[in-house]
Amino acid sequence: MFKIKKNIKIFKKKIKKCKDIESINNIKLLYLSKNGYINKLKKKLKESPENLKPNLGKNFNFIKKYIIKKINFIQKKINKKKSLNINNNEIDIFLPSKNYFSIGNKHPITIILNKIEHFFEKIGFNFFYGPEIEKTNYNFKLLNIGKNHPSYNIKNTFWINKKLLLRTQTSPIQIRYMKNKKPPIKIITSGCVFRKDNDNTHTPMFHQVEGFWVDKKINFTHLKYIIKKFIYFLFKNKKKIKFIPAYFPFTEPSAEVNIKNTNNKWLEILGCGMIHPKILKNVNINYKKYSGFAFGMGIERLTMLKFNITDIKILYKNNIRILKQF
Ligand code: DAH
């Protein structure tokens, strides 16, 4: 009555043909649903004579278990195939990613640059960027840098021809931006600069951030206030800071900002000053009416200070195990 062999044979034939979700769902309907084979068999079992029930019950259980186990097994197989895309060429974008597809992380220089830009954006500076191949005049002459300045020397700078070079600093952005603008001017810029330098703390290419603010009555206290706030923001704890008189051809007066590091050593982290009237004149801004300050800093240096890195080269080796630490 419960012809196990025959029924299992039919079931096996059917399940063998199951290759996709649709066919496995059909089988489930046929065998496991309310009106499916198993329930029908159960009904028959209930209606059978009492004396046959123990034996038939055993057969029923065997068939039921076999069918459920097999269906589950095939279902898993189909699901797995689907996820591996063997069956079709679709990509299942909802699958969780595997660990070995890790997407990496931000480069420490990017982390610091983002922080710097975030700070200055919040206090109202606008972004403006310029080319890495710069006009010689913008890089030197219009910034009041004379031909006897060391960076003018052929040995220290990557020249393209007499009129073009790889910019040695981001300060030419001051000229580029201000030459056809009227104050108020409040700009922050960043990018690569190039010098023929190469040792533990220098690379031929590095990054700088430059900012300048020109308006009526801008003075040194504005500069000092912003730089202090910025350093406290970047280094979190209140570092000791000092402004030391310095010389830059494009600012007057000029200063270097030093911070005290954890070993109690003073380290220079940026240059700044009041924009030289000559520069304002060069870009047709009335220096009697307007004044401004400017500052420039190396991002590698700040990154090394922030993360206690002693060899600048590790920033460029792109060793993922090192970069992942930041
Ligand atoms: N351009 C300078 C350098 O590369 C840095 C600098 C110093 C920028 C003073 C400034 C500044 O804007 O006011 O060494």
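Refer to the structure above for everything that follows.
Okay, so let's go over this structure. None of the values given here were measured: they were computed from a predicted structure.

Criteria and thresholds
- Counting restarts for each chain, with residues numbered from 1 along the sequence as it is written.
- With pLDDT at 70 or above as the cut-off, local features in this predicted model cover only qualifying residues; side-chain atom pairs require 80 or more to be listed or tallied, and sums for whole chains, interfaces and linings still use all residues.
- To get the side-chain values, take all heavy atoms of the structure and skip hydrogens and water.
- Helix and strand assignments follow DSSP, with helices taken as H or I runs no shorter than four residues and strands as E runs no shorter than two, numbered in order from the N terminus.
- The classification of residues rests on relative accessible area computed with a 1.4 Å probe and restricted to protein chains. Under 20% of the type maximum is buried, over 50% is exposed, and intermediate values are partly exposed.
- Within 3.5 Å is the distance limit for a polar contact, defined as a pair of N or O atoms, with the added protein rule that one can donate a hydrogen and the other accept it, and that residues adjacent in sequence qualify only through two side-chain atoms.
- Think of it this way: DSSP has to see at least two bridges between two strands before they count as a pair.

## Details of unusual backbone geometry
A cis amide bond links P183 to the next residue, P184, at an omega of 5°. Locating P184 in the fold gives a position in the loop between α7 (172–178) and β4 (185–194). For the peptide bond that leads from E252 to P253, omega is 0°, which places it in the cis range. Of note, the phi angle at K217 is positive, near 60°, even though the residue is not glycine.

## Concerning the environment of N286
For N286, the position within the fold is in the loop between α9 (277–282) and β9 (291–298). On the basis of relative accessibility, which here comes to 42%, the residue N286 falls in the partly exposed class. Taking C-alpha positions, N286 is 9.7 Å from P183, a pair spaced 103 residues apart along the chain. Here K288 takes part through its backbone nitrogen, which lies 2.9 Å from a polar atom of the side chain of N286.

## Remarks on the pairing of strand β5 (residues 205–215)
The buried fraction of β5 is high, at 9 of 11 residues. Judged from the 10 bridges that link them, β4 and β5 form a sheet pairing that is antiparallel. Bridging from a neighbouring strand, I188 pairs with G211 of β5. Alignment of β5 against β9, held across 8 bridges, turns out to be antiparallel.

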